[in-house]
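Architecture at a glance
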Amino acid sequence: MTVSQSSLLWIVLGCSAFALLFAIWLSRWVLSRGRGNADMQKISDAIQQGAEAYLARQYKTIAALALVVAIVLALGYGVLRTSIPTDPVSSSTLLAIYITLSFLLGALSSGIAGYMGMWISIRANIRVAAAATTSLNGALQTALRSGAVSGLFTVAMSLAGVGGLFAVINNFVPPGLAPDVWAQRIPYLIVGYGFGASFVALFAQLGGGIYTKAADVGADLVGKVEAGIPEDDPRNPAVIADLVGDNVGDCAGRGADLFESIAAENIGAMILGVILFSQFGIAGILFPLVIGGLGLLCSIIGVMSVRTREDADPMQALNRGYYVTAALVTIVFFFATRWLLNPISAPDAWWHFFICGMIGIATSIAFVFITQYYTEYRYRPVLGIAEASQTGPATNIIAGLAVGMESTVLPVITIAIAIIASYHLGEASGVAQAGLFGTAVATMGMLGTAGYILAMDVFGPITDNAGGIVEMSKQPEEIRNITDRLDSVGNTTKALTKGYAIGSAALAAFLLFSAYLDEVRNYRGGVPIKVDLARPEVFVAGLLGAMLVFWFSSLALTAVRKAASSVITEVRRQFRERPGIMLGTESPDYGTAVDIVTVGALKAMIAPGALVVLFPIAVGLVFKQFGVGAEAVAAFLMIGTIAGILMAGFLNNGGGAWDNAKKYIETGAYGGKRSDAHKAAVVGDTVGDPFKDTAGPSLHVLIKLLSTITLVLAPLFI
């Protein structure tokens, strides 16, 4: 069945518009909830002011950096590079305009998505705390629906951006060019959108991660270890900075992260769809966007289906919502593949691609269970770390490192099975050269539940903040018990969504690498490149890609250490000079700690972020002098991506395991709180904090940024 381009774009843009309107309705529903008493509101207002002040300063810095990159792109494409016959447009100036404007639009959209994630979270925390005074179900639904505002807004903005850009450019068909030919060139013109989204996401995730963990480490080491006061104790001068950090790191940063993931992976899949235009027509190019749009509707139903009993486990309710979403996405895939990927020449092709989509969905579920196994204290890895804590911090850290390294095994095997199975299903579909497209469809299957996944992710920091507000405002113990239950679930959902992010990054890595090779082949007039690691220059480029991952991680961890040291010094100073704080007769100076972390995070994010942007450019231009620029960048991208996937898994799961080992001991195991085992576990948790919340999540973005920057700059390396 033939399908028109306009009808597909209407589906994409219509679903995106509906999701945005629904997100607005949800936000109004959340904002209509109660805000608790005056003490709770005072704390919430302080968190809101700190988060908004930080994000405003951060976005000013990112905007300045993005403008510099936009100027470089414009000059590189429009002035320094000469147009070649295989360019998607005939004029180098016109190509520069398309790439630069799409970059700026991607950067702006990513920033808006990140801001919306933080905007709703800093207003939802007090409403969840207030809802906890009446019922668990009310608090659970308020927290998840608040997270859904961010999730739906992020995915819808990404799809609307890519789809809208495609629709607009489609109206500027060059004279003498057939509309079908022009449609095949558009994906190469909008690669800048993915680069812009990745650029902003890297700095947002990195800066937010540095902020949240510097504040967290500083608050924990002085408050819990030295002063012996509970977490979120109002006497701790760094506690507001810690709560602010949850929003700017886990909400704003993760919103921008998933936005760029969806944008980059959709554009990469669209480029692969161009190869099969003779078989699928425009449907193959727009299929990823259609699936994403319909997946948004599935996520809405999944979110609204979540409810729990007062005596039930909230995690079970969240899992049910995820399974509802995944089941609906499965149904959507069945009909979408049969409708759009069903060429007359290969009548059995559609069910091959349907199974590819199911592989993607199964992969996402597998990553959820694998992450649960390595980060929950019901299972061997975390229990082993807790047991090792009995003999001190050193054995705790050794055990945590071992768990982090072991946790890379099952994800790699899962990704290997998914890539090989989806590739060969595509090859066996009867459509020539469809193997790579099969892996793209599997990636789309994994992204089909992205709206619900991001809702679960933002759920975590919202409930964490709610617990902090309840603790600091000295609410009754039964209310704190409810927020503790939700906070515990929130820690699990944050770990699960990080596992999902790693899985999607790993599955998409092959997709984006293949898209880079296809783009280079297109610019070389159909001549493919051979990435020969036996050639010294190509091997060295791959080695540099792996090195970049370690160097970047080192800079991120060092930034947390330096900023945390400043916080520790300030908290110690206040405790020393103002003894009334510990006696409860004097209020700490929260604002100074917030300012210290803000300045430290903004300064520290620039160097590692600039390194990631400049390094692949330098590799491409230097090795171009040896005649292997495109090949060297391919090796750099391939090996760097592999190292990044493994390092991200190690950091995320190791950090999460340390965190929950501490929480397991706090349940009363091995002496409970204030025991020697607990002190050792707090040290391990402190080491793991920048692992799982700064360096690890930032590597998700690094993997995609390497792909998008090479897609954008591929013509410069040929």
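Heads up: these notes are all about the structure in this document. (Residues numbered from 1 in each chain as written. Predicted model: local features only at pLDDT ≥ 70, side-chain atom pairs only at ≥ 80, totals over all residues. Heavy atoms only, no water.)

**Some points on the environment of Leu401**
- When you line up the elements, Leu401 lands in helix H13 (residues 393–406).
- Taking C-alpha positions, Leu401 is 8.1 Å from Phe650, a pair spaced 249 residues apart along the chain.
- Sequence-distant contacts of Leu401, defined by excluding residues within four places in its chain, comprise Phe650, Trp658 and Phe691. (Helix = DSSP H or I, 4+ residues; strand = E, 2+ residues; numbered from the N terminus. Contact = heavy atoms within 4.5 Å.)

**Some points on the side chain of Asn137**
- Along the polypeptide, Asn137 turns up in helix H4 (residues 136–169).
- A distance of 2.8 Å separates a polar atom in the side chain of Asn137 from the backbone nitrogen of Thr308.
- In contact with Asn137, not counting residues within four places along its chain, are Arg307, Thr308 and Glu310. (Polar contact = N/O pair within 3.5 Å; in protein donor to acceptor, adjacent residues only side chain to side chain.)

**A closer look at the packing of helix H21 (residues 629–666) against helix H22 (residues 676–717)**
- Direction vectors running N to C along H21 and H22 enclose 160 degrees, while the axes themselves pass 7 Å from each other. The angle between H21 and H22 places the two elements in the roughly antiparallel class. Note that H21 runs across H22; the crossing there is left-handed.
- Tallied by class, the residues present in the contact of H21 with H22 amount to 22 nonpolar, 13 polar and five charged. (Axes fitted to C-alpha atoms, helices over the stretch in contact; angles between N-to-C directions. Parallel < 35°, antiparallel > 145°, perpendicular 65-115°, else oblique. Left-handed = near helix turned anticlockwise from the far one by under 90°. Nonpolar A, V, L, I, M, F, W, Y, C, P; charged D, E, K, R; others polar.)

**Observations concerning the layout of surface pockets**
- One number sums up the size of the largest pocket: a volume of about 1300 Å³.
- Lining the largest pocket are 47 residues, with Asp487, Ser488, Asn491, Lys663 and Glu666 sitting closest to its centre.
- Sorting the residues of the lining of the largest pocket by element identifies helix H6 (191–227), helix H7 (239–275), helix H10 (314–340), helix H16 (450–472), helix H17 (477–523), H21 and H22 as the ones contributing at least two each.
- The element contributing the most residues to the lining of the largest pocket is H17, with eight residues.
- For the lining of the largest pocket, a count of residues per class yields eight nonpolar, 10 polar and 29 charged. (1 Å grid on protein atoms, 1.4 Å probe; cavity = no way out; pocket = protein on both sides within 12 Å on 5 of 7 lines; lining within 4 Å. Points joined across faces, edges and corners; volume = space filled by probe spheres on them.)

**Some details on the packing of H7 against H16**
- Look at H7 against H16: their axes get within 10 Å of each other, and the N-to-C directions meet at 175 degrees. In terms of their interaxial angle, H7 and H16 are classed as roughly antiparallel. Facing Val239, Ile240, Leu243, Asp246, Asn247, Asp250, Cys251, Arg254, Gly255, Leu258 and Ile262 of H7, the residues of H16 in contact are Ala450, Leu454, Asp457, Val458, Pro461, Asp464, Asn465, Gly468 and Met472.
- The residue makeup of the contact of H7 with H16, split by class, is 11 nonpolar, four polar and five charged.

**Let's talk about the packing of aromatic side chains**
- Counted according to the given criterion, the structure contains 27 aromatic pairs.
- When the ring of Tyr377 is compared with that of Tyr664, the centres are 5.5 Å apart and the planes differ by 45 degrees; the resulting orientation is tilted. Placement of Tyr377 in the loop between helix H11 (349–375) and helix H12 (380–388) and of Tyr664 in helix H21 is noted, with a sequence separation of 287 residues between them.
- On the basis of relative accessible area, Tyr377 is assigned to the partly exposed category, the value being 31%. (Phe/Tyr/Trp six-rings, centres within 6.5 Å; stacked < 30°, edge-to-face > 60°. Buried < 20%, exposed > 50% of the residue type's maximum accessible area, 1.4 Å probe, protein only.)

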